[in-house]
Amino acid sequence: MNFSITDSVVYIGVDDKTLDLFESQYIVPDGMAYNSYLIKDEKLAVMDSVDSRKTYEWLDNLDKALEGKTPDYIVVQHVEPDHSGSLKEVCEKYPEMKVVGNAKTFTMLGQFFDFDFEGRKVVVKEGDELALGKHTLKFYTAPMVHWPEVMMTYDASDKILFAADAFGKFGTLDAEDDEGWACEARRYYFNIVGKYGAQVQAILKKLSACDIQIICPLHGPVLDENIGYYVDKYNTWSKYEPEDKGITIAFASIHGNTAAAAKKFKEILESKGAEKVSLFDLSRDDMAEAIEDAFRYDRLVLMAASYDAGVFPPMLAFVNKLVAKGYKNRTIAIVENGSWAPSAARTIKPIIEQLKDITLAEPVVTIRSSLKDADIPNLEKLADELVK
């Protein structure tokens, strides 16, 4: 796929419509875009390569955009294989082309490739510039957004930020996106970049002096309108602030009794005026979407069956993921189920105590086997606490 972004910048990325799991863990029903760009000036610069799954399609796109010319540089902003996977092949095809990266870039490339980059390295650091003619590329290091070698590149001529993995989303470029950019961008952010909010804040601060009119990410669409909207979303997300008022119920049910209780609790919350209630079956629904909504909204309900003197494993995986992603600034409620020795709550509590700025809503509700009329007052009391 080739199209012009400006008079001198061409999109040369590829869509991967057969990928089932991105990073072998995230469901991508609409596939994935691996983005790459060509800057055409006195010198020609390729911005990143693509996953090895699409090497030859990408090389064809590059060849068409070059129109018989040879690239002078390839800028490696991110070494992760979905972006550097075709680097060896393009270097072999264009032996005079220089490879631009920082010191960490070349250390990591040496780990991924049995290929000699000596003699063609251009090593850059924070604030360094690369002149192409009209275009001058300025490099900003963005360590741990979301790998240590990541850098972003600003082109003041066209006011473009080449943003590495930032501002990316799941899905191919031609995927129908009825819910807009934010839905799959949010799922992408919190599950992939979410742990590194402080680092995102740092790069946003560095880039605040740049007049950015276009964002070219390594996944998802080129963003060329209302840039403030996307920056504001990243600012909110990276501060771990709730984006909307609402309640996420995540439940883990063995035989369906906890599921029934979760659905009833959703009804109770809605009857009491909760702004939004989303419900996730952690055994069946996409856990990445449950993580997305847990971060989107300001309150979270964990409802789980007891299991092996602990908690049912899907819930254990979910709360551990919350810890790994730095979940904070929220209210959490717990509803446990147990037939003879309820243990879910006492297993969950020490885990969520690792989280910062979390309020535990009271009461913690215990259900014995199946929801009964006698349990409803406790659920009502918990709902009042969450909705007040």
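Residues numbered from 1 in each chain as written. Predicted model: local features only at pLDDT ≥ 70, side-chain atom pairs only at ≥ 80, totals over all residues. Heavy atoms only, no water.

**Observations concerning the side chain of aspartate 155**
Here comes step 1: With respect to the secondary-structure elements, aspartate 155 resides in strand β14 (residues 151–155).
Here comes step 2: Buried charge aspartate 155 goes without a salt bridge, the closest partner of opposite sign being lysine 134 at 8.7 Å.
Here comes step 3: Of note is the side chain of aspartate 155, whose polar atom sits 2.7 Å from the side chain of histidine 135.
Here comes step 4: From its side chain, aspartate 155 meets the backbone nitrogen of serine 157 in a polar contact 3.1 Å long.
Here comes step 5: For aspartate 155, the residues in contact, after removing those within four places along its chain, are His135, Thr136, Leu137, Ile160 and Phe162. (Helix = DSSP H or I, 4+ residues; strand = E, 2+ residues; numbered from the N terminus. Buried < 20%, exposed > 50% of the residue type's maximum accessible area, 1.4 Å probe, protein only. Lys, Arg positive; Asp, Glu negative; His and termini not counted. Salt bridge = Lys/Arg side-chain N within 4 Å of Asp/Glu carboxyl O. Polar contact = N/O pair within 3.5 Å; in protein donor to acceptor, adjacent residues only side chain to side chain. Contact = heavy atoms within 4.5 Å.)

**Some words on the sheet that holds strand β16 (residues 214–216)**
Here comes step 1: Taken in spatial order, the five strands of this open sheet run β12-β13-β14-β15-β16, and their pairing is mixed. Edge positions in the sheet fall to β12 (129–131) and β16, since each has one partner strand and no second. Sheet twist, expressed as the mean angle between neighbouring strand axes with direction ignored, is 20°.
Here comes step 2: Lying on the sheet, helix α6 (residues 197–207) is in contact with β13 (136–141), β14 and β15 (160–162); it crosses β13 at an angle near 150°. (Pairing = 2+ DSSP bridges. Axes fitted to C-alpha atoms, helices over the stretch in contact; angles between N-to-C directions.)

**Some points on helix α1 (residues 55–66)**
Here comes step 1: With 12 residues, α1 ought to run about 16 Å at 1.5 Å a step, and its terminal C-alpha atoms sit 16 Å apart, in line with that.
Here comes step 2: When α1 is considered as a whole, its buried residues turn out to be Thr55, Trp58, Leu59, Asn61, Leu62, Ala65 and Leu66. Axial view of α1: buried residues confined to an arc of 160°, hence all on one face. In α1, the exposed positions angled more than 90 degrees off the buried face are occupied by Tyr56 and Lys64. (Expected span 1.5 Å × (residues − 1). Arc of directions from axis to C-beta.)

**Observations concerning the packing of helix α9 (residues 287–296) against helix α10 (residues 313–324)**
Here comes step 1: In the contact formed by α9 and α10, the axes pass within 11 Å of each other and the chain directions differ by 50°. Between α9 and α10, the angle falls in the class oblique. Crossing hand, α9 versus α10: right-handed. Side by side, α9 and α10 meet where Met287, Ala290, Ile291 and Ala294 of the first sit next to Pro314, Ala317, Phe318, Lys321 and Leu322 of the second. (Parallel < 35°, antiparallel > 145°, perpendicular 65-115°, else oblique. Left-handed = near helix turned anticlockwise from the far one by under 90°.)

**Concerning the pairing of β13**
Here comes step 1: Judged from the three bridges that link them, β12 and β13 form a sheet pairing that is antiparallel. Following the sheet pairing, alanine 131 is matched in β13 by threonine 136.
Here comes step 2: Between β12 and β13, which pair antiparallel in sequence order, lie four residues; one of them, glycine 133, sits at a positive phi of approximately 140°.

**Description of the state of the cysteines**
Here comes step 1: Following the criterion strictly, the structure yields zero disulfides and no others.
Here comes step 2: Cysteine 210 provides the cysteine sulfur closest to cysteine 216, a residue in no disulfide bond, and the two sulfurs are 14 Å apart.
Here comes step 3: Residue class for cysteine 216 comes out buried when judged on its relative accessible area of 1%. (Disulfide = S-S within 2.5 Å.)

**Digging into the sheet that holds strand β1 (residues 3–4)**
Here comes step 1: In space, the seven strands of this open sheet follow the order β1-β2-β7-β8-β9-β10-β11, with mixed pairing throughout. With one partner strand each, in any of the chains shown, β1 and β11 (121–123) form the two edges of the open sheet.
Here comes step 2: Pairing of β1 with strand β2 (residues 9–11) involves two bridges; the strand directions are antiparallel. Following the sheet pairing, serine 4 is matched in β2 by valine 10.
Here comes step 3: Running over the sheet, α1 touches β2, β7 (37–39), β8 (45–47) and β9 (73–75) and is turned about 20° from β7.
Here comes step 4: Here helix α4 (residues 103–112) sits on the sheet and contacts β10 (98–101) and β11; the angle it forms with β10, its principal contact strand, is near 115°.

**Side note on the packing of α6 against helix α7 (residues 227–238)**
Here comes step 1: Where α6 contacts α7, the axes come no closer than 8 Å and their chain directions differ by 145°. Regarding α6 and α7, the two cross each other, and that crossing is left-handed. The segment α6 lies against α7, with Gly197, Ala198, Val200, Gln201 and Leu204 engaging Val231, Tyr234, Asn235 and Ser238.
Here comes step 2: Among the residues making up the contact of α6 with α7, the classes are represented as five nonpolar, four polar and no charged. (Nonpolar A, V, L, I, M, F, W, Y, C, P; charged D, E, K, R; others polar.)

Distances and angles like these do not, on their own, reveal function.
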